[in-house]
Amino acid sequence: QKVIWNGSSWEIVALTTEEINNKISQLWVEVREKRDIIISEVEWRILRFQSEVRMGLEPTDDIQQLDTYIQALRDITKHSDNPLEITWPALDLSLD
C-alpha cells in the first residue's frame, strides 16, 4: 500500500502491479548485494587456504566447509520466491 494526497485528504491505496514488481526486483537486488558482500568477506579464507597448501602448512580452515558455504550463498536466490523470506546460511568456522 501507499499513501497519496487526493487534493483534500490522504488516502491509502493499493500499489499497482508494476510498483509491486519494482519493489520485489529492488529487494532481490539488495539480497544479491548482501550475498556478494558476505562472499567477499569470506574469500580471504580461501586465499589463506591456498597459500597454506602451497607452503606445505596444515590448512587453518576446512576448504570443503568454505566451498559449501559459498555455494549456498550463490544459490540463495534459487531457494526462495520471496526476497523477504531468505534463510541465510551460516559458516561453522571459528573466526580468526
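Remember, it's a predicted structure, so these values are computed and weren't measured experimentally. (Residues numbered from 1 in each chain as written. Predicted model: local features only at pLDDT ≥ 70, side-chain atom pairs only at ≥ 80, totals over all residues. Heavy atoms only, no water.)

Trainee: Got a minute to help me understand helix H1 (residues 17-54) in this structure?
Mentor: The end-to-end C-alpha distance of H1 is 55 Å, a good match for the 56 Å that 38 residues give at a rise of 1.5 Å each. Valine 42 marks where H1 bends most, by close to 30°. Listing the buried residues of H1 in full gives Trp28, Val31, Arg35, Ile38, Ile39, Val42, Arg45, Ile46, Phe49 and Glu52. Contacts made by the buried residues of H1 are with helix H2 (63-74). Of the residues flanking the end of H1, it is glycine 56, one or two places downstream, whose phi is positive at about 75°. (Helix = DSSP H or I, 4+ residues; strand = E, 2+ residues; numbered from the N terminus. Expected span 1.5 Å × (residues − 1). Bend = angle between axes of the 7 residues up to and from the residue. Buried < 20%, exposed > 50% of the residue type's maximum accessible area, 1.4 Å probe, protein only. Contact = heavy atoms within 4.5 Å.)

Trainee: Even after reading the chapter, I still don't get H2, so can you show me in this structure?
Mentor: Residues spaced three or four apart along an α-helix point in a common direction, a consequence of the helix completing one turn every 3.6 residues. Taking 1.5 Å per residue as the helical rise, H2 with its 12 residues ought to reach 16 Å, and the 16 Å between its terminal C-alpha atoms agrees with that figure. Among the residues of H2, those classed as buried are Leu66, Tyr69, Ile70 and Leu73. Angular distribution of buried residues about the axis of H2 spans 95°; they occupy a single face of the element. Exposed side of H2, more than 90 degrees from the buried face: Gln64 and Thr68 are the residues found there. In this fold, the buried residues of H2 make contact with H1. Looking at where H2 begins, the residue whose side-chain oxygen comes 2.9 Å from the main-chain nitrogen of glutamine 64 is aspartate 62. (Arc of directions from axis to C-beta. Polar contact = N/O pair within 3.5 Å; in protein donor to acceptor, adjacent residues only side chain to side chain.)

Trainee: Can you walk me through the pattern of salt bridges in this structure?
Mentor: Should their charged atoms come close, side chains of opposite charge can pair. Taken as a whole and judged by the stated rule, the model has 5 salt bridges. We note a salt bridge from arginine 35 to aspartate 36, for which the minimum N-O separation is 3.0 Å. Using a relative accessible area of 13% as the deciding quantity, one classes arginine 35 as buried. Looking at aspartate 36, the relative accessible area reads 43%, which means it is partly exposed. Two residues, aspartate 61 and arginine 48, come together in a salt bridge whose shortest N-O distance is 2.6 Å. (Salt bridge = Lys/Arg side-chain N within 4 Å of Asp/Glu carboxyl O.)

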